[in-house]
Amino acid sequence: MKATILGICPEAAVVDITHEVDKFNVRMGAYILASAAPYFPKGTIHIAVVDPDVGTQRQPLLIKTKREFFVGPDNGLLVLASEKEGIVEIRQITNRKFMLPKVSNTFHGRDLFAPAAAHLANNVSPTEFGPIARDFVKPDFARATRSETALNGEVLHIDEFGNIITNISDPEMTLTQLGKLLRRAQ
Amino acid sequence: MKATILGICPEAAVVDITHEVDKFNVRMGAYILASAAPYFPKGTIHIAVVDPDVGTQRQPLLIKTKREFFVGPDNGLLVLASEKEGIVEIRQITNRKFMLPKVSNTFHGRDLFAPAAAHLANNVSPTEFGPIARDFVKPDFARATRSETALNGEVLHIDEFGNIITNISDPEMTLTQLGKLLRRAQ
Amino acid sequence: MKATILGICPEAAVVDITHEVDKFNVRMGAYILASAAPYFPKGTIHIAVVDPDVGTQRQPLLIKTKREFFVGPDNGLLVLASEKEGIVEIRQITNRKFMLPKVSNTFHGRDLFAPAAAHLANNVSPTEFGPIARDFVKPDFARATRSETALNGEVLHIDEFGNIITNISDPEMTLTQLGKLLRRAQ
């Protein structure tokens, strides 16, 4: 993937966030991407690839947010990060002009996502990559749900130090606690 | 190794292909190098080091191909990649001027291969590194063999997704199948 | 951490030495840093983070040596490398101007050490980061001790090839052997 990127955009500064996401663990990848993205400079182009569903019928996405771009498969991997940053538009990547000449079935990262990101780094406009995506996959892990008496979250990740991270955000927690206080006060 | 490179050629763009080759697994290293090299820009200088036989009597090699350079030990590691790309010339690296002042017995990557690659990146001519190598190690894994009735290959690598990669190339397979068809037709 | 650095100093060349130090193994981290640092160009800024004691009351340090800078926690991690290179001065990092706006309790690498290193790369003077540190942690592993009849060292690291590295330096070993010879000669 780095070779592909540097072949198209030699002056790109390529930074690895991680190669340690467990295979097929989209949830873990989504969490790590959402954790790291806000620390990158404005205008950063993030590529993320985690199976499953890469190289299958899932559409490849290019998401523009208020601060940056995300390129990757439509399997939920980009959801946490892009919603956190504020989605501006989501496009399918369909224009073969911005892919490698031969696109394999098993390595879309190298043949499709990396070239798209590199062309984007070369200032190709997002509109050239393909049409607006009408909808995209949003897994259960992407948001906590609230019932009348409870806030139901999921564990996103247990890190190597034993920290357990859920998909319940600070504001949700605060709101819920406020709600309880209000109910008690009534 | 990166420190050595940047000390000699500060503007080098250093890209890691992998640090996950199993120890002493020259075959796996050779396969990965051959898989990745074609995607890098023309003129790329590849360094590869896998024991065994690094730091022993094996000669250090500098291989020039039609598209790029390979620097590494003469233990078969560079064979698949350089033959695939088209070998132009192979040289021994003997000129101590392009090594670190003190060359250890156990870390030729840092003391010999990295400096050679960095000087090459500084446009030192391949001819200055040492004489043409008359022969070099070519392991069994480097090519499939054909008997009258069979094409005999070896497994190069089993990847983390369970894919099994052999050293039988597409054209060889096609030729063999054609041969069978011809025999049947007779 | 890389995101933080590039956000503050976009032209920084960030080089990973390793991410494979065992958790909480300050000794191993100190050994690897001391092994790699001398090969980097003059003026390099090294960041090193190994728990424990990061993010606790341990002071963050900025060490200037004759050749380079070291940024990291005061838990002994920087001792071997900085003493080997010749310490010029040691400062506490206390100036919040050179930290991220929100400093977490668990990720000083990203919020404190990385920004400090990046500002240093932007030519901020060491004096601006904080006061001279009067003392710093020096673990037992940082030096061999000598008794009348013996030189007592510790194992710093056993590498993946089975090499065992101690904290006894070449000169110490030579001196000790000389001492034995002298005693025998008497």
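Everything numeric in this text was worked out from a predicted model, so none of it was measured.

Q: So, the interface of chain A and chain C: which residues are in play, and what are the values?
A: In this assembly, 7 residues from chain A lie in contact with 11 residues from chain C. For the chain A and chain C pair, buried surface summed over both sides reaches about 810 Å², with 69% attributable to carbon and sulfur atoms. It is Val15, Tyr39 and Phe161 of chain A in chain A that bury the most area against chain C; as a group they hold 61% of the surface buried on that side. Run the count over chain A and chain C and you get 1 salt bridge. The residue Lys23 of chain C makes a salt bridge to Glu160 of chain A at a minimum N-O spacing of 3.4 Å. For the pair chain A and chain C, the interface holds 2 residue pairs in polar contact (both at pLDDT 80 or more).

Q: Which residues make up the packing of aromatic side chains, and what values go with them?
A: Two numbers describe a pair of aromatic rings. These are the distance of the centres and the angle of the planes. Taken as a whole and judged by the stated rule, the model has 6 aromatic pairs over all chains. With a centroid separation of 5.9 Å and 75° between ring planes, the pair formed by Phe24 of chain A and Phe161 of chain B is classed as edge-to-face. Placement of Phe24 of chain A in the loop between helix H1 (2-8) and helix H2 (26-36) and of Phe161 of chain B in the loop between strand S7 (155-158) and strand S8 (164-166) is noted, with the two residues assigned to different chains. When the centroid spacing of 4.8 Å and the interplanar angle of 40° are considered together, the rings of Phe98 of chain C and Phe129 of chain C count as tilted. Taken as a pair, Phe98 of chain C in the loop between strand S4 (87-92) and helix H4 (108-121) and Phe129 of chain C in the loop between H4 and strand S5 (145-146) lie far apart in primary sequence, 31 residues in all.

Q: So what's going on with the pattern of salt bridges? Residues and values would help.
A: Tallying each qualifying case throughout the model produces 24 salt bridges over all chains. The salt bridge involving Arg27 of chain A is made with Glu154 of chain A; its shortest N-O contact spans 2.7 Å. Placement of Arg27 of chain A in helix H2 and of Glu154 of chain A in the loop between strand S6 (151-152) and strand S7 (155-158) is noted, with a sequence separation of 127 residues between them. Across the salt bridge formed by Asp16 of chain B and Lys2 of chain B, the nearest N and O atoms sit 2.8 Å from each other. Of this pair, Asp16 of chain B sits in the loop between helix H1 (2-8) and helix H2 (26-36) while Lys2 of chain B sits in helix H1, and the two are 14 residues apart along the sequence.

Q: Which residues make up unusual backbone geometry, and what are the values?
A: Located in the positive-phi region is Asn123 of chain A, a residue other than glycine, with phi close to 70°. Turning to its location among the elements, Asn123 of chain A is positioned in the loop between helix H4 (108-121) and strand S5 (145-146). Positive phi, close to 65°, is recorded for Phe24 of chain C, a residue that is not glycine. Overall, Phe24 of chain C belongs to the partly exposed group, its relative accessible area being 48%.

Conventions used here
- Residues numbered from 1 in each chain as written.
- Chains lettered and ligands numbered in written order.
- Predicted model: local features only at pLDDT ≥ 70, side-chain atom pairs only at ≥ 80, totals over all residues.
- Heavy atoms only, no water.
- Contact = heavy atoms within 4.5 Å.
- Buried area = accessible area lost by both parts, 1.4 Å probe.
- Salt bridge = Lys/Arg side-chain N within 4 Å of Asp/Glu carboxyl O.
- Polar contact = N/O pair within 3.5 Å; in protein donor to acceptor, adjacent residues only side chain to side chain.
- Phe/Tyr/Trp six-rings, centres within 6.5 Å; stacked < 30°, edge-to-face > 60°.
- Helix = DSSP H or I, 4+ residues; strand = E, 2+ residues; numbered from the N terminus.
- Buried < 20%, exposed > 50% of the residue type's maximum accessible area, 1.4 Å probe, protein only.

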